[in-house]
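Topology and contacts: notes
As a plain string of letters, each chain reads:
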Amino acid sequence: MTILEDKDMLEKVFPGLSRHGKDPVITIVADRCAGCQECVIRCPVGALSMDETRWIALGNSDLCVGCRQCVRTCPFSAIYIEGDPQVSARVVLEDKEPEKLLYSVEELRQGFANFEEALKEANRCLSCPDPTCVRGCPTHNDIPGFIAAIRENDLQKAADILAKTSCIPDICSRVCNQAAQCEGACSWSLAQDVPVAIGKLERYITDNIHLQGPVAKSGMGNSKVAIVGSGPAAIAAAWELVQEGVGVDVFEKDSKPGGLIVWGIPDFTLPLEIADRPWKELTKAGVNLFCDHKVEPEAIAGMLDKYDHVILAYGASAPIKTSAPGNSYQGVTDATVFLQSAHQNLAEGGNRKAFLESLGLRSETTLDGNKDSDNQSDLDYRILVLGAGNTAMDVARSARRFGLKATCIDWVDERFAIARPDEVAEARAEGVEILFSTTLQEILAKDNKVTSVILAETKQEKSDVAPKILGDKLREVTVDLVVMAMGYRVDQGFASRYLPMPRNRNISIPDHTRWMASGILASKASPFAYSGAVGTQSLRREDGLLQAQLPYDHRLWIVGDALIGPATVVEAMAHGKRCAQSIIKSLLPSDLDGIRSGGYKVLVCYDSMGGTTKQIADDIANKISHSANSVTVKSIRDTSKADIVYADLIICGTWVEGLIFTKVGPSKSMNKWLHELPNLHGKQAALFCTYGVNPKSTLTVMTDILSVKGVKIITTMALKSKEITTADYATKLDNYLSEIAMYTEVDFLTSHKVS
Amino acid sequence: MTIELEGKVEDIAGGKASAGPDERLSAPAVAISHDPIESAVRLKPPIRRGIKERFEASDPDPKLEVSKSKFVRRLLANRKLQFLMILPNQIVFWTVIFVGLLGTTVPGLNFGAAITWYVWFCLVFVMMVVVGRAWCSMCPFGGFGEWIQRRALWKKTQKALGLGKKLPEPIARYGFLIPVLSFLILTWIEEFFNIAGPGTPADTAWMVVGIVSFALLFFLVFERRTFCRYFCPLTSLIGTVGSMGSVAGFRTKDREVCVSCQTKDCMRGNSKGFGCPWYTWPGSADSNLYCGLCSECYKTCPEGNVGLFIQKPLTSVVQPSRRRADIAWAIALLWGLVLFQQINSTNVYVSLDNWLNRHMDFAHYPNPVDYIVIIGLLALLTAGIVSLLANVLAKKEINFDRPGDFVDKKSRFRAFFLPITYGLIPVVGADYFARQLPKFFKHSARLVPAVGHLFNAGTASSSLYSFRIIDNPWIVVVQVAIIGLGTLGSLWATWRITNRELVSVSKSAIGVKLATTSLVLICGFAAAILYVAMHAAS
């Protein structure tokens, strides 16, 4: 590690430095600083060191760039930074104005034009030692890693870094709401300055490098996995599986694969050739794709007979309907129908007549190939879009591309809007009228055809309190079509069978001290990134990511929106990838050394009353710890969901509770804990218990509970508490571990010390 | 306990292949963290240089770990422990308030006044000297504020009530001087109204109400125990005198585990407990100064690396290698205050106070000017003597000056003043303790009729009302003996401190030893003499 000594060296290490405004000054509260070094190990520029005699942190203001990560990570609020963040201005890329909006499918958001531009932006990155942006990214791309590679002008390396965590960086860089994710969590953003343009840099890589498709390996035997749905979760799962040589069959209900990313996101945001890329690559790599093949919930059981695993990635594509009176008139439609038709009719070069007629509107436009022969009566059509989220913006902007008038209404206050503000601005620039604090009261019709709507004003004071409808402020607006774009939910057929929403999170988010330590939870994003509570939002996603790694039932997995409700492309992709990795692990034949050569993770968890059970747990862990495998010992009270998800083998011990003759069994808290475990199909466990007089059915009870959860019990051991002082104890432990070793084919007992 | 082979330093050094791509992650992860972004984390290695030297002397003896006992372990792990310690005191102090306001106006018969001044104050001193911050762990004032701030009596909650402000640096930089100031103010109020006499019981009640309200206010404005650390009037005494105590507090068992810990749950809190309310990190604690014995770090440590340790008496006086100027000045001022409280019963003082009051139109004891001037002068006198010693004894070739903030700045004067004042702690503590004894010996038995009075039973004619455990002049004998003991403690501590810190910077080893020990003897003698004089005056 280079130790910086002066400003000149600082400029070399951090070329994005720009001395402006007030110089940063570090103040360390000598009274409160405990010398824990949380700031020292995280300072990106080495402005902090330690005073050895006082054992408190020491700041060098000359080197400070004002990112304030130290302030966010100090557990005792013993450090203050005054002065402005010393980062150069962000490289601004103007969005393209469509020359002519009509029928335009031109991509509007631009990428960096050349290396110089990209480098200038990449230089703004601090390469934080504990990068918060990576936590903000739902799939945890190594952002400082790929930005460093861009700086070296090694785009292939950058693409390889991205490929580790993402198979669709070209799509993500265009459709992600970076302000609420990585860029919102950028150190500069948390310091209330303008974040590094991470999305644009990611796009720069994908624009300039030919992204590799999956290359099928052989060696997975005849394993076959079925995937229901073909959206981002399915893409990532199929990608990961086909790469490992697993046979993959994908069933898609539509005629084209890709789900929402193909028809749900207009081409001016996500060009067709990019949206189509994953499936071109996947089919080339040998994934069998069956389109127009709707899988009914009842058919899943049959699929499980034919396949080793089934992944449900059916997404959340059922539009939420308005409950306003008149919602069934002709001329009330939903965003799915509207966007699918718009997509199709724009892709064919622009066909207003077909578009309008598909929505049940009469069209006067002549189909003589001359697109300029606009009929005014067509252009007078007004579309009312219910909602002002991202889908609503897409609907309205698509309508504008057919020359129609579009109005979006949303009952929330504009301050609390959920759409990307840049998207709202773009929509307004294209002539979309967006009315916040407005709600639909009634749809009026003549001859069953929509003629107008009654709108009411609303008032909202706080983001978490629903708006109040002001019943006396009503007005009537003439409209021809009402499009419901208030969001989606999971198809009821599946939801009622599998996961009723909202999903019951049966185990809470793991202790998040490591997240707190990074500083991501300490402040909100900058106004540039819409001041969101980006840390909390990121942390909330972790539970879903963990859940996606666990099977829903024996060989059955649910991922993406289907698991967590409507979310983002990148989150679904992350789910699919992780789920597939878990499947691959379970399919891995034992003679393949992948996970067995070490790094086999053992979790020893116990519930101890007097300390004997703990003692045995510790002894088991000690024996295993000499092998090349890692082991964690925890009381069941301290065991988090993550501990369980990442464990390859669970060794679980309890004391025996009960009166000598009746009610003998595992301790009450162990019983409760076991019952509350999620399904763990494919996991292996070994059990033990310590008893005074007679363990009776303790181990059988535990085996039964775990078997229902799908856990394979390798072996069990009952030890009399007094035994642990005898010579037999060591032999018993050795036998127990040999049995585990024999079954798992993992060598737990050979000492693995480097000679 | 968690074991991670791959991350251990020795293994990386041994060239183990699997250390591979994560070499950049040079801080060895002791715990298997399931951090999803591990591969993108490139933390710098924590600095370990100088850490051994810094903490060697003050680290507790592993043999003296109390939490080795299974019983203690279970007690400390229980979240209700502190609540159950606070609860009885909480009940007593609300009783003090209500009985003080509504009960009899006879101080000796009023439960509120009697328990506070005849018994409680003495008990707090005993706890201070023996344990350290034992009182803080059960204090009803801080406890009450904390319950409200945490919105819970014992449960771990996520969101705090109140503004959660951090005490700004310009104030925080004076550290221990802030509570000394509040102690001086409170003592002046107490003397003015003769609360501790005890005088009118309602005054005691109002004082308690005042402290509780101040505490609550601070708990609602600031985060954690900012009140206890920076503003509580008692904290200055408990912190300094408490360092004589035999409880080292919660400390780290293996410092390396703390240094490489990436989550610092003990400081930030987790699902099992709150981050340290006192801003103390077991990984760097070198005395019991700021350990409130609340056991939160014990509960939160994911590695089980925090233990409760005891220590030999005076360890926290002698051993800390970082001496703080705020503590030193606090001791000097507290020394001044206790001397003032002895001087104020002499005839000389009474005539001075009266004379000043006449000239200032301030018709009440104690005159604020003489109060503050006498205390200030006494503190300055101590400092002046030390300054003189420093001038005469310090080696001329050593440049002591090092810039820094108030707490840590260095100079020749400070090089002598800090260690010497630390050495005075036992004699100052003994003096405070001795001053409480007369009330305890003469009146503590009144607690029984006072309790009886609550149930219409106890009266002033009860034999216990006038029962004295011992009476003058035996009380004075005990007081002088206590001072003698304190002086002995101070002599021993000063001897150790002088050998360790002053001999090497002084021209004459014998000279400096003679000077520092004489100073202790003079202080002890002055305190003892004053007790005799006080007795004579009354």
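Residues numbered from 1 in each chain as written. Chains lettered and ligands numbered in written order. Predicted model: local features only at pLDDT ≥ 70, side-chain atom pairs only at ≥ 80, totals over all residues.

Looking at the overall build of chain A
So the rule is basically this: Put simply, DSSP H or I for four residues or longer makes a helix, DSSP E for two residues or longer makes a strand, and each gets a number counted from the N terminus. It is over C-alpha atoms that the radius of gyration is taken, and the globule rule equals 2.2 Å times the number of residues to the power 0.38. Here a residue counts as buried when 20 or more other C-beta atoms sit within 10 Å of its C-beta, as exposed when there are 12 or fewer, and as partly exposed otherwise, the C-beta atoms being derived from the backbone. By definition, residues are in contact whenever their C-beta atoms, placed on the basis of the backbone, come within 7 Å of each other.
Scanning chain A for helices and strands turns up 28 helices and 25 strands. The C-alpha atoms of chain A give a radius of gyration of 29 Å, which matches the 27 Å a tight globule of 755 residues would have. Counting all 755 residues of chain A, 50% fall into the buried class. Partitioning the intrachain contacts of chain A with sequence separation of at least 6 by distance along the chain shows that 72% fall at a separation of at least 24.

Some points on the overall build of chain B
Along the backbone of chain B there are 23 helices and five strands. Each of the three principal axes of chain B carries a C-alpha extent, and together these read 85 × 65 × 40 Å. Within chain B, the fraction of its 538 residues that count as buried is 50%. A separation of at least 24 residues holds for 78% of the contacts in chain B among residues at least 6 apart in sequence.

Examining the packing of helix H17 (residues 390-401) of chain A against helix H18 (residues 421-429) of chain A
Residue and element names in this part refer to chain A. Heads up, the condition is: Axis lines are fitted to C-alpha atoms, over the contacting stretch for helices. Their N-to-C directions set the angle, which ranges from 0 to 180 degrees. An angle counts as roughly parallel when it lies under 35 degrees, as roughly antiparallel when it exceeds 145, as roughly perpendicular when it falls between 65 and 115, and as oblique in every other case. For a crossing to be left-handed, the near helix must be turned anticlockwise from the far one by less than a right angle; the clockwise case is right-handed. Three categories are distinguished: nonpolar for Ala, Val, Leu, Ile, Met, Phe, Trp, Tyr, Cys and Pro, charged for Asp, Glu, Lys and Arg, and polar for the others, with Gly belonging to the last.
Interaxial distance between H17 and H18 falls to 10 Å at its minimum, and their mutual angle equals 20°. Relative to H18, the element H17 lies roughly parallel. Seen along the crossing, H17 lies across H18 with a hand that is left-handed. Contacts from Asn-390, Met-393, Ala-396 and Arg-397 of H17 reach H18 at Glu-423, Val-424 and Ala-427. Taken together, the residues that form the contact of H17 with H18 break down as four nonpolar, one polar and two charged.

Notes on unusual backbone geometry
Residues and elements named next belong to chain A. Positive phi outside glycine occurs at Gln-192, with the angle close to 65°. Position of Gln-192 relative to the elements: it lies in the loop between helix H8 (187-190) and helix H9 (198-208). In this structure, Asp-292 is a non-glycine residue whose phi angle is positive, near 50°. Mapping Asp-292 onto the fold places it in the loop between strand S7 (288-290) and helix H13 (300-306). With 10 C-beta atoms packed within 10 Å, Asp-292 lands in the exposed category.

Some words on the nonpolar core
We count it as follows: By definition, a nonpolar core groups buried Ala, Val, Leu, Ile, Met, Phe, Trp, Tyr and Cys residues that connect through C-beta atoms lying within 7 Å of each other.
Core analysis: the biggest nonpolar cluster contains 209 residues, and A:Ile150, B:Ile331, B:Leu334, B:Trp335 and B:Val428 have the highest contact counts within it. Counting residues per element, this core draws most heavily on helix H20 (residues 412-443) of chain B, at 16 residues. Among residues more than four places away in sequence, those in contact with B:Leu334 are B:Val180, B:Ser236, B:Leu237, B:Thr240 and B:Val428.

Some remarks on the sheet that holds S7(A)
Residues and elements named next belong to chain A. Rules: Any two strands between which DSSP finds at least two bridges are classified as paired.
Strands sit in the order S7-S6-S5-S8-S19 across an open sheet of five strands; the sheet is parallel. Each having just a single partner strand, S7 and strand S19 (556-558) make up the two edges of the open sheet. Averaged over all neighbouring strand pairs, the angle between strand axes comes to 15°, with direction disregarded. Where helix H10 (residues 232-243) meets the sheet, it contacts strand S5 (224-228), strand S6 (247-251) and strand S8 (309-312), and its direction lies at approximately 160° from that of S6.

Let's talk about the domain arrangement of chain A
Here is the rule we go by: Just so you know, the domain bounds were taken from an automatic or database domain assignment.
If you check the domain split of chain A, you get domain 1 (7-82), domain 2 (111-213 + 513-547), domain 3 (214-318 + 552-588), domain 4 (321-486) and domain 5 (601-744). Relative placement of domain 2 of chain A and domain 5 of chain A: their C-alpha centres are 42 Å apart.

So, the confidence of the model for chain A
Basically, it comes down to this: Confidence of the prediction at every residue is given by pLDDT, a number between 0 and 100.
Model confidence for chain A is summarised by a mean pLDDT of 84, while 92% of its residues fall at 70 or above. Counted against residues more than four places away or in other chains, residues 591-597 of chain A, with its pLDDT under 50, gives eight contacts.

Re the pairing of strand S20 (residues 601-607) of chain A
Residue and element names in this part refer to chain A. Burial analysis of S20 places six of its seven residues in the buried class, the great majority of the element. In the sheet, S20 pairs with strand S22 (residues 649-657) via six bridges, with the strands oriented parallel. Within the sheet, the bridge partner assigned to Cys-605 lies in S22 and is Cys-652.

Looking at the interface of chain B and chain A
The interface is formed by 52 residues belonging to chain B together with 54 residues belonging to chain A. Broken down by secondary-structure element, the contributors of at least two residues to the side of chain B that touches chain A are strand S1 (2-3), helix H8 (169-172) and helix H14 (265-268) of chain B. Per-element accounting of the side of chain B that touches chain A gives the leading share, three residues, to H14(B).

What to know about H20(B)
Spelled out, the test is: Expected span of a helix: the number of residues minus one, times 1.5 Å.
The terminal C-alpha atoms of H20(B), which comprises 32 residues, lie 48 Å apart, in line with the 46 Å expected from a rise of 1.5 Å per residue. With 28 of 32 residues buried, H20(B) lies mostly within the body of the structure.

What to know about the sheet that holds strand S12 (residues 405-409) of chain A
Residue and element names in this part refer to chain A. Reading across from one edge, S10-S17-S11-S12-S13 is the order of the five strands in this open sheet, with parallel pairing throughout. Either end of the sheet is taken by a strand with one partner, and the two such strands are strand S10 (332-334) and strand S13 (433-435). Mean inter-strand twist for the sheet, computed between neighbouring axes without regard to direction, equals 25°. As defined by bridge partners, S12 adjoins S13 across three bridges and the pair is classed as parallel.

Observations concerning the pairing of strand S17 (residues 481-484) of chain A
Residue and element names in this part refer to chain A. Of the two faces of S17, the one carrying Leu-481 and Val-483 and the one carrying Val-482 and Met-484 are both buried. Summarising the sheet, S10 and S17 pair through three bridges and their orientation is parallel. Its bridge partner lying in S17, Thr-333 is registered against Val-483. In terms of strand pairing, strand S11 (residues 382-386) meets S17 through four bridges, oriented parallel. Following the sheet pairing, Leu-386 is matched in S17 by Met-484.

Describing the environment of B:Ser137
All names here are of chain B. As for its position among the elements, Ser-137 is in helix H6 (residues 134-138). Spatially, the C-alpha atom of Ser-137 lies 30 Å from that of His-453, the residues being 316 residues apart in sequence. When sequence neighbours within four positions are dropped, the list of residues in contact with Ser-137 reads Gln-82, Met-85, Gly-292, Leu-293 and Cys-294.

Things to note about the domain arrangement of chain B
Residue and element names in this part refer to chain B. With domains assigned, chain B is organised as domain 1 (78-241) and domain 2 (325-458 + 465-537). One C-alpha centre belongs to domain 1, the other to domain 2, and the line joining them spans 23 Å. For the side of domain 1 that touches domain 2, the elements supplying multiple residues, two or more each, are helix H5 (111-130), helix H9 (177-193) and helix H12 (233-241). Considered class by class, the residues forming the side of domain 1 that touches domain 2 number 21 nonpolar, seven polar and two charged.

A word on the packing of helix H5 (residues 143-151) of chain A against helix H6 (residues 155-165) of chain A
Residue and element names in this part refer to chain A. Across the interface, H5 lies against H6 with an axial gap of 7 Å and an inter-helix angle of 170°. On the basis of their axis angle, the class for H5 and H6 is roughly antiparallel. Facing H5, whose interface residues are Gly-145, Phe-146, Ala-149 and Ile-150, H6 presents Leu-155, Lys-157, Ala-158, Ile-161 and Leu-162. Per-class residue counts for the contact of H5 with H6 are seven nonpolar, one polar and one charged.

With respect to the environment of B:Leu161
Residues and elements named next belong to chain B. Tracing the backbone shows Leu-161 in the loop between helix H7 (140-150) and H8. Using a count of 14 C-beta atoms within 10 Å as the deciding quantity, one classes Leu-161 as partly exposed. Considered as a pair, Leu-161 and Glu-146 are 15 residues apart in the sequence and their alpha carbons are 9.6 Å apart.

Focus on the environment of A:Val701
Residue and element names in this part refer to chain A. For Val-701, the position within the fold is in helix H27 (residues 698-708). Here Val-701 falls in the partly exposed class, since 19 other C-beta atoms lie within 10 Å of it. For the pair formed by Val-701 and Leu-521, sequence separation is 180 residues and the distance between their alpha carbons is 42 Å. Other than its neighbours up to four places away in sequence, Val-701 contacts Gly-665 and Pro-666.

Structural notes on helix H10 (residues 201-221) of chain B
Because an α-helix completes one turn every 3.6 residues, residues spaced three or four positions apart along the sequence face the same direction. Residue and element names in this part refer to chain B. If you check H10, its first and last C-alpha atoms are 30 Å apart, about what 21 residues at 1.5 Å a residue would give, namely 30 Å. Three or more residues of H10 are buried, namely Pro-201, Asp-203, Thr-204, Ala-205, Met-207, Val-208, Ile-211, Ala-215, Leu-216, Phe-218 and Phe-219. Contact partners of the buried residues in H10: helix H4 (80-102), H5, H7, H9 and helix H11 (226-231).

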